[in-house]
Amino acid sequence: CEELMVKAGPHFQSSGGYSNNFRTSCECRVARHETQRLHARYAKLLNVPVGSLEAAKVSRYRRDEFFRNHVDVLSGTDFLENRIATLFVYLNDCEAGGETRFLSLPSQRSLEYAVGEKVCCLSTGRD
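Keep in mind the model is a prediction, meaning the values are calculated, not measured.

**Quick word on the sheet that holds strand β2 (residues 26–30)**
One open sheet holds the 3 strands; their spatial order is β1-β2-β3, and the pairing between them is antiparallel. The open sheet is flanked by β1 (13–14) and β3 (56–60), the only strands paired with a single partner. When β1 meets β2, the two strands line up antiparallel, connected through 2 bridges. Counted as the bridge partner of Gln-13 is Glu-27 from β2.

This is the structure in structure tokens:
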């Protein structure tokens, strides 16, 4: 986790450029050649070929930043990569807030996590 945060650190840019004010965080993509071991591990975890994984994206949220309720892109992907699943890996923790909520779950739950924990979220609406 620390190695990925160090690689991403100097390269963060605002996430707001393409997200229509649904997201106020910063993010960066880490080059595939810098994350080969990580990609190999997650490809095995998800049982998919390494080549089908996107470059690792690291998102940073500071106090009062957010990513509003959304559905990952499933159509109209002329300039975005389409995905069938998202793998969250929590790189650090925080004293308060910082929860991830999946509003489509039957109960109002926030995800509690530990550093390094992985959560896979499958996109919906795919054949």
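**Some words on the pattern of salt bridges**
One pass over the full model with this rule turns up 5 salt bridges. Here Glu-3 and Arg-37 are joined by a salt bridge, their closest N and O atoms 3.4 Å apart. Placement of the pair is Glu-3 in helix α1 (residues 2–8) and Arg-37 in helix α2 (residues 36–46), with a sequence separation of 34 residues. Residue Glu-3 is classed as partly exposed on the basis of its relative accessible area of 46%. Each of Glu-3, Lys-7, Glu-34 and Arg-37 takes part in one network of salt bridges that share partners.

**A closer look at the confidence of the model for the protein chain**
This prediction gives the protein chain a mean pLDDT of 75; 72% of its residues lie at or above 70. Per-element averaging of pLDDT across the protein chain places strand β6 (residues 110–111) at the bottom with 68 and α2 at the top with 87.

**Some words on a nonpolar patch on the surface**
Judged by side-chain polarity, Phe-22, Tyr-61 and Phe-67 come together as a nonpolar surface patch covering roughly 270 Å² of accessible area. Secondary-structure assignment places Phe-67 in the loop between β3 and β4 (85–89). Note on Phe-67: relative accessible area 32%, which makes it partly exposed.

**Section: unusual backbone geometry**
Its identity is not glycine, yet Asn-47 carries a phi of approximately 60 degrees, on the positive side. Note on Asn-47: relative accessible area 71%, which makes it exposed. The phi dihedral of Asp-64 is positive, around 70 degrees, even though this residue is not glycine. On the secondary structure map, Asp-64 appears in the loop between β3 and β4. You can call Asp-64 exposed: its relative accessible area is 71%.

**Quick look at α2**
Every buried residue of α2 is accounted for by His-39, Tyr-42 and Ala-43. Within α2, the buried residues cover an arc of 105 degrees as seen down the axis, which keeps them to one side. Those residues of α2 that are exposed and aimed more than 90 degrees away from the buried face are Arg-37, Arg-41 and Lys-44.

Parameters at a glance
- Residues numbered from 1 in each chain as written.
- Predicted model: local features only at pLDDT ≥ 70, side-chain atom pairs only at ≥ 80, totals over all residues.
- Heavy atoms only, no water.
- Pairing = 2+ DSSP bridges.
- Helix = DSSP H or I, 4+ residues; strand = E, 2+ residues; numbered from the N terminus.
- Salt bridge = Lys/Arg side-chain N within 4 Å of Asp/Glu carboxyl O.
- Buried < 20%, exposed > 50% of the residue type's maximum accessible area, 1.4 Å probe, protein only.
- pLDDT = per-residue confidence, 0-100.
- Patch = residues over 30% accessible without salt bridge, like charges linked within 9 Å, V, L, I, M, F, W, Y side chains within 5 Å.
- Areas by Shrake-Rupley, 256 points an atom, 1.4 Å probe, with all protein chains shown as cover.
- Arc of directions from axis to C-beta.

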